Amino acid sequence: MHATPRSTARRFPCLLLAMLSCAGLAQAGDRLTATTGVGTVEGSGGGGLVPWALIGGYGSRDQVGATAHLTRVRTDGGYTLTTTAAAIGVHDTWEASVAQMRFGLSDTVPGQSVTLDVLGLKWRVLGDAVYDQDSGWPQVSVGAQVKHNEDMAVPTALGARSASDTDFTVSATKVWLGGLAGYNTLANLTLRRTRANQFGLLGFGGDVRDQAQWMPEVSGAVLLRDDLAVGAEWRRKPDNLGVFREESAHDVFIAWWPVRNLSLTAAAVNLGNIANKGNQRGWYVSAQASY
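Residues numbered from 1 in each chain as written. Predicted model: local features only at pLDDT ≥ 70, side-chain atom pairs only at ≥ 80, totals over all residues. Heavy atoms only, no water.

Student: Teacher, can you tell me more about unusual backbone geometry here?
Tutor: Where the residue is not glycine, phi is negative for most of them; where a peptide bond is considered, it is trans in most cases. Not every positive phi belongs to a glycine, and A181 is a case in point at roughly 55°. Checked against the element boundaries, A181 lands in the loop between β6 (164-176) and β7 (184-194). Look at A181 and you get exposed, because its relative accessible area is 71%. (Helix = DSSP H or I, 4+ residues; strand = E, 2+ residues; numbered from the N terminus. Buried < 20%, exposed > 50% of the residue type's maximum accessible area, 1.4 Å probe, protein only.)

Now the structure itself:
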């Protein structure tokens, strides 16, 4: 019997403990501070909105690393998004992640929320974003995120076609040591093949379009100190539903590592139109443990 994204996410606490135990046994921790990223809302390593080619955790090529993070977003229209996620990185080459996203529907549907379960897999196919400083090539990873929406009453009413689908990603990340104005600098480009409405929180496909499309996502960051980064992200989303126009999401963030194994992130985020509310701006806060 195969595990579904829904059943796997329900066993999240056990998966998290297993991931952290594996990381500890492998004595992970040789990579540079901040190269774990801060964890995306869908669980994989990267920025808050955009996955990077970097593999989650501090594990190097002969180690296993892991991350776990909790993220909270609230918009000015009263929508809330809470993500609980964990990821494990194997030999700085493979990453597996699990996440559960819970989205509160504000007064659009009072007292109701939807839950999205995500299983992710990422494979580094070439390059090293940090250590290949003499090469112009970035680190490149390919990935897949299997998503299942547990609550389809509202998405179906809006015109969504499916409760489950898989996003495919290709990410290229480059880090320049002593780059912009002498500060370590990161740039990332991700292409995502998707038909997800609002990341999948409002189902997949719709009455306007039901085919997956390639969507661009970009992010950049500058490390002002070894333990402090500022950056920005932009993510285009497909526009599949006739009842409202879906817009791109973007943010400006600051991330701080008070200790090597803990990061705290705050961001001003704009998710665009959500259902009947336009220009949804708010704050994004996240805490991540990395090993």
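Student: What is the right way to look at the sheet that holds β6 in this model?
Tutor: Strand pairing within a sheet occurs via backbone hydrogen bonds; the two strands may be parallel or antiparallel. Around the barrel, which closes on itself, the 12 strands sit in the order β1-β2-β3-β4-β5-β6-β7-β8-β9-β10-β11-β12 with antiparallel pairing between neighbours. Strand-to-strand twist of the sheet, defined as the mean angle between neighbouring strand axes without regard to direction, takes the value 20°. Pairing between strand β3 (residues 94-104) and strand β4 (residues 113-126): 11 bridges, direction antiparallel. When the sheet's bridge partners are listed, S97 is paired in β4 with G120. (Pairing = 2+ DSSP bridges. Axes fitted to C-alpha atoms, helices over the stretch in contact; angles between N-to-C directions.)

Student: What exactly am I supposed to notice about the nonpolar core here?
Tutor: Counting 27 residues, the largest nonpolar core has L81, M101, F103 and L201 as the members making the most contacts within it. Counting only elements with at least two residues in this core, the list comes to β2 (80-90), β3, β4, β10 (249-259) and β11 (262-270). Excluding anything up to four places from it in sequence, L201 contacts L81, M101, F103, V114, L116, N149 and P155. Core analysis: the next-biggest nonpolar cluster, separate from the first, contains seven residues, V38, Y58, L223 and A229 among them. (Core = buried A, V, L, I, M, F, W, Y, C linked by side-chain atoms within 4.5 Å. Contact = heavy atoms within 4.5 Å.)

Student: What is the right way to read empty space enclosed by the protein from this model?
Tutor: Empty pockets left among the atoms are what a rolling probe the size of a water molecule brings to light. Within this structure, the stated rule accounts for five cavities of 30 Å³ or more. Surrounding the largest cavity, 15 residues form its lining, S44, L121, K122, G143 and T169 being those nearest its centre. Put simply, the parts of the chain that give the lining of the largest cavity at least two residues each are β3, β4, β5 (139-149) and β6. Residue contributions to the lining of the largest cavity peak at five residues, all from β5. Within the lining of the largest cavity, the residues separate by chemical class into five nonpolar, eight polar and two charged. As a volume, the second largest cavity reaches approximately 50 Å³. Lining the second largest cavity are D167, R192, T194, A196, F199, M215, E217, R235, R236, K237 and P238. At the level of secondary structure, the elements contributing two or more residues to the lining of the second largest cavity comprise β7 and β8 (213-225). When its residues are assigned to classes, the lining of the second largest cavity shows four nonpolar, one polar and six charged. (1 Å grid on protein atoms, 1.4 Å probe; cavity = no way out; pocket = protein on both sides within 12 Å on 5 of 7 lines; lining within 4 Å. Points joined across faces, edges and corners; volume = space filled by probe spheres on them. Nonpolar A, V, L, I, M, F, W, Y, C, P; charged D, E, K, R; others polar.)

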